[in-house]
Structure formats: C-alpha cells, structure tokens
Amino acid sequence: MGGDEKQSKTDDDGSDFLRNLLKCGSSLPVDSDVDAYELQLPEWYDDGKFKRAQQFFKRNLFAMYVAMLCGLLVILAVPSILNVLIYTKQSSTAMTAYRRYVATIMHTLNWYYEDLTPGSTSWKSIAYVRRTHAATSKRSSSKLSGRIIAQKDMAVTQFGFVGYVVLGYKKLGIQYSVEDMEAMVHFWRVIGYMIGIQDQYNICTDSLATTEQRMRQIQDHILRPALEERTEDFEEMGKALITGMWSFNPFLNYDAFLFLTARLTGVPGYHYWTEEHPSVGCETKYQKFSRYTRFVLYFLILIHEIGLKYTIVRLYLNSQMVMSRFLITYFPFLAIPKFGFRNSYVRILK
C-alpha cells in the first residue's frame, strides 16, 4: 500500500498526472503481446470490491450502456485514437462498426459478468484485447512512424468506459452509494492494469477523489477541446458507430447521442435545461434538430434524469438490455437485413 498512498498524495488536482500523460504517455506504446497464462492480478486486487462493481453495473445496466456508448463516441474525437481506427478499416462503415462495437460490448460484458480467474472467459478476453492492441499498434506504426496506440490513448479509452459513470452519474440517472463508486473505480483500475496500462497512466487509483481529479483533467483538457474541434473523419466514424449499433438498440439517433455526449463533457452550447448555462438566453444546439431528434433527446433525458430514479423503470430497461444482448448473440434479426446473415453474427474468443 505504500505505493498507493504515494500515488494518492502526490496527484493534487490531477494536473501532474495530465502533464505526465501528455509528455511521456503520448509516445510510449502499449506493451508487447501477452498470452493469457502470463496475465497476473495486481497485488492490490480486492475480490470483494471487484464483485461489488459487477453487481453495481447489473443494477444500472441501461444507464451504464448509455454511458459506455457515449464514451465510445467521445474518444473518436481524439486524433491519435481516430487515426489508428481509420488505419484498421474496422469501424468506418455501418457494417464494420457494428461488428467492432458489438464485439467490444461482448468483451466488456464478459468482464462484468464473469469471475476474473485464470482460464475464465473474462481472463481470456482481457488477454485477447491486450494482444490485439499491441499487434494493432505495431502494424500501424510500421506503416507510419509515430502512429501507435500509446499509453495516453489507453488512458483516454479507459475514460470512455468509466469516466462518465463517475463524473456524469446524475445526468445518467445512475443510482449508487460511495462504496459502489469506489468499487467501480477499483474494477477499472484492475482492468486497466491487466490490459497493459502502466500505473502512472491509469486514470483509476486507490482513491475515488484522485480518480475524479484525473478523469476531470482528461475530460476538460483532452476530450472537450477535441469535441469542440471535431473533424469530418469524426463525423463519419461517429455516424457509422451509431448506425451500426442501431441493430443493438433501434432507438439510437446520431444527433441525439452526440448531444448527450457533448453535454456530459461540458461542451458549450450543449445544455438542455436553461439553468445549466450561466448565460441567459444562450442558444442550445438541440433547437436546430428535427422534431424526431428533439423527441428522442427529450425522451432520453426524461428517462435518465427522472425515470431511472424508480426501481420499476430501472428493472424494465435493464431487462430490455438483457434481451438485446440475447438477441444480438443468438438472433440478430435487425442486423440480418442490413448486413447479411454471416456478418450479423459476431463471435469473440473463437
């Protein structure tokens, strides 16, 4: 615990972490290939906290899914991440994006639903993801020097999976206790460690307060500026993501989810309620949306900020996500007409 205590005490507001991440983490690639048998749990692993986080996720499944979807969308705005994804050609069309992000969700659900023990599906999944990142980084850099998956990119991607859960829980309607959130931070600290994020770049620490500071630095100084200056490539990849994932959730709408993502990130002009913005009469972006998009956005905000406070609503929406997982695994009937029978079935860890 000595190292953990030092980590918490020296981080202050997270600015030191951000400086180190940008200065050193931007040029440090993910590590070499690792087989499943070489993985090890960190010495500070707490099985009780890890399993508590899994239960916390299941109780808030719908809100967690939306948080993850917004997180996957926002990281596309980071040029170093976007450039590698463009190189792989695995998520630039609706079909390739569907296959990539359904696989991502399947891997993540393995981590949330399975025990993290040697030989388990979860263990093999983490090893696969770690090997894939390393191999992709090597191939990408071999074609263009400096185009790597760096420790900084891994940390930003880690934010994509947990950052909005910690920082945006109110807007998402996540019902939690402090112990639940501490467990979630521990969960992603463990996952980050096992997929190859070095401790100094891991946004999740032994302290919830320190973790929040690190996450806010990434949100305010990396993600928000990236969203404000988003490119045509981002728009193309973002639309492919949402169009592809429509087959998982037919209620998805690109403009509505971009608005939700920008609102969670604090981008000016993406406020829904007047009291969210200090400037009286400041125009919000959704006023220019179509009627259908405004309806989808209103419905989502209504669900997250009011509906999810009620147990019966959470249980219903969580059950719909469980059903969606079952259908996309065994009978992806919405995907088949769009992508064909073979492309609609996504399998991981073959």
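Nothing here was measured: the structure is a model prediction, and the numbers come from that model.

Reading the values: the criteria
- Residues numbered from 1 in each chain as written.
- Predicted model: local features only at pLDDT ≥ 70, side-chain atom pairs only at ≥ 80, totals over all residues.
- Heavy atoms only, no water.
- Helix = DSSP H or I, 4+ residues; strand = E, 2+ residues; numbered from the N terminus.
- Rg over C-alpha atoms; globule rule 2.2 N^0.38 Å.
- Buried < 20%, exposed > 50% of the residue type's maximum accessible area, 1.4 Å probe, protein only.
- Contact = heavy atoms within 4.5 Å.
- Areas by Shrake-Rupley, 256 points an atom, 1.4 Å probe, with all protein chains shown as cover.
- Lys, Arg positive; Asp, Glu negative; His and termini not counted.
- Charge placed at Lys NZ, Arg CZ, Asp CG, Glu CD.
- Expected span 1.5 Å × (residues − 1).
- Bend = angle between axes of the 7 residues up to and from the residue.
- Polar contact = N/O pair within 3.5 Å; in protein donor to acceptor, adjacent residues only side chain to side chain.
- Patch = residues over 30% accessible without salt bridge, like charges linked within 9 Å, V, L, I, M, F, W, Y side chains within 5 Å.
- Salt bridge = Lys/Arg side-chain N within 4 Å of Asp/Glu carboxyl O.
- Core = buried A, V, L, I, M, F, W, Y, C linked by side-chain atoms within 4.5 Å.
- Disulfide = S-S within 2.5 Å.
- Phe/Tyr/Trp six-rings, centres within 6.5 Å; stacked < 30°, edge-to-face > 60°.
- Lys NZ or Arg CZ within 6 Å of the ring centre and 35° of its normal.

*Asks:* Mind laying out the overall build of the protein chain, listing which residues take part and the relevant values?
*Replies:* When its secondary structure is counted, the protein chain shows 17 helices and 0 strands. By the compact-globule yardstick of 20 Å for 350 residues, the protein chain fits well, its C-alpha radius of gyration being 19 Å. Residue burial in the protein chain is summarised as follows: out of 350 residues, 54% are buried. Look at the contacts in the protein chain between residues 6 or more apart in sequence, and 77% of them connect residues 24 or more apart. Put simply, the protein chain shows about 16,200 Å² of open surface, and 54% of that area lies on carbon and sulfur atoms. Here the protein chain contributes 40 positive and 34 negative side-chain charges, whose respective centroids are spaced 7 Å apart.

*Asks:* Quick rundown of the environment of Ala226? Include the residues and the values.
*Replies:* With respect to the helices and strands, Ala226 occurs in helix 11 (residues 208-228). On a C-alpha basis, the gap between Ala226 and Arg100 in space is 23 Å, while along the polypeptide they are 126 residues apart. Contact partners of Ala226, with chain neighbours within four places excluded, come to Ala77 and Val78.

*Asks:* Can you lay out helix 11 for me, pointing to particular residues and giving the numbers?
*Replies:* An ideal rise of 1.5 Å per residue puts 30 Å on 21 residues; helix 11 measures up with 28 Å between its terminal C-alpha atoms. Maximal helix bending in helix 11 amounts to about 35 degrees, located at Gln219. For helix 11, the set of buried residues is Leu208, Thr210, Thr211, Arg214, Met215, Gln217, Ile218, Gln219, Ile222, Leu223, Ala226 and Leu227. At the N-terminal boundary of helix 11, the capping side chain belongs to Ser207, with an oxygen 3.3 Å from the backbone nitrogen of Ala209.

*Asks:* Please give an account of a nonpolar patch on the surface that cites residues and values.
*Replies:* A cluster of nonpolar side chains, Tyr298, Leu302, Ile306, Tyr310 and Ile312, forms an exposed patch at the surface whose accessible area comes to about 520 Å². Tracing the sequence through the fold places Tyr298 in helix 14 (residues 291-305). By relative accessible area, which is 40% here, Tyr298 ends up partly exposed.

*Asks:* How would you explain the nonpolar core if you had to name every residue and give the values?
*Replies:* In terms of nonpolar packing, the biggest core is built from 116 residues, with Trp188 and Met245 touching the most fellow members. It is helix 4 (residues 61-74) that provides the largest number of residues to this core, a total of 13 residues. Discounting residues that sit within four places of it in the chain, Met245 has contacts with Tyr65, Leu69, Tyr101, Val102, Ile105 and Leu252.

*Asks:* Can you explain the state of the cysteines? Please cite residues and give values.
*Replies:* Working definition of a disulfide: a covalent bond connecting the sulfur atoms of two cysteines. Across all of its chains, the model carries 0 disulfides by this definition. Free of any disulfide, Cys70 has its nearest cysteine sulfur in Cys204, 18 Å distant. Residue Cys70 is classed as buried on the basis of its relative accessible area, which comes to 1%.

*Asks:* How would you sum up the packing of aromatic side chains? Please name residues and give values.
*Replies:* Enumeration over the complete set of coordinates arrives at 24 aromatic pairs. Ring geometry for Phe57 and Tyr112: centres 3.6 Å apart, planes at 5 degrees, overall stacked. Here Phe57, found in helix 3 (residues 47-59), pairs with Tyr112, found in helix 6 (residues 94-113); they are 55 residues apart in sequence, far enough to count as distant. Summarising the burial analysis for this pair, Phe57 and Tyr112 share the class buried. Judged by centre distance (5.2 Å) and plane angle (75 degrees), the ring pair of Phe251 and Phe299 falls under edge-to-face. Within this pair, whereas Phe251 is found in the loop between helix 12 (232-245) and helix 13 (254-265), its partner Phe299 is found in helix 14, the two being separated by 48 residues in sequence. With a relative accessible area of 25%, Phe251 lands in the partly exposed category. For Phe299, a relative accessible area of 34% puts it in the partly exposed group. Over the face of the ring belonging to Tyr101 we find Arg100, whose NZ or CZ atom lies 5.5 Å from the ring centre. Above the plane of the ring of Trp44 lies Arg189, whose end atom (NZ or CZ) is 3.7 Å from the centre.

*Asks:* A description of the side chain of Ser125 should follow, citing residues and the corresponding values.
*Replies:* Tracing the backbone through its elements, the reader meets Ser125 in helix 7 (residues 121-143). Here the side chain of Ser125 touches His107 through a polar contact of 2.6 Å, side chain to side chain. When neighbours within four sequence positions are excluded, Ser125 is seen to be in contact with His107, Asn110, Trp111 and Leu349.

*Asks:* Before we move on, can you summarise the pattern of salt bridges with the specific residues and values?
*Replies:* Per the stated rule, a full pass over the model turns up 8 salt bridges. A salt bridge links Asp180 to Arg52, with the nearest nitrogen and oxygen atoms 2.8 Å apart. On the criterion of sequence distance, the pair formed by Asp180 in helix 10 (residues 178-194) and Arg52 in helix 3 is long-range, its members being 128 residues apart. By relative accessible area, Asp180 is classed as buried at 6%. A salt bridge links Glu305 to Arg263; the shortest N-O distance between them is 2.7 Å. Placement of the pair is Glu305 in helix 14 and Arg263 in helix 13, with a sequence separation of 42 residues. According to the relative accessible area criterion, Glu305 is buried, its value standing at 18%. Overall, the relative accessible area of 7% leaves Arg263 in the buried class. Several salt bridges converge on common partners, so that one network encompasses Arg52, Arg59 and Asp180.

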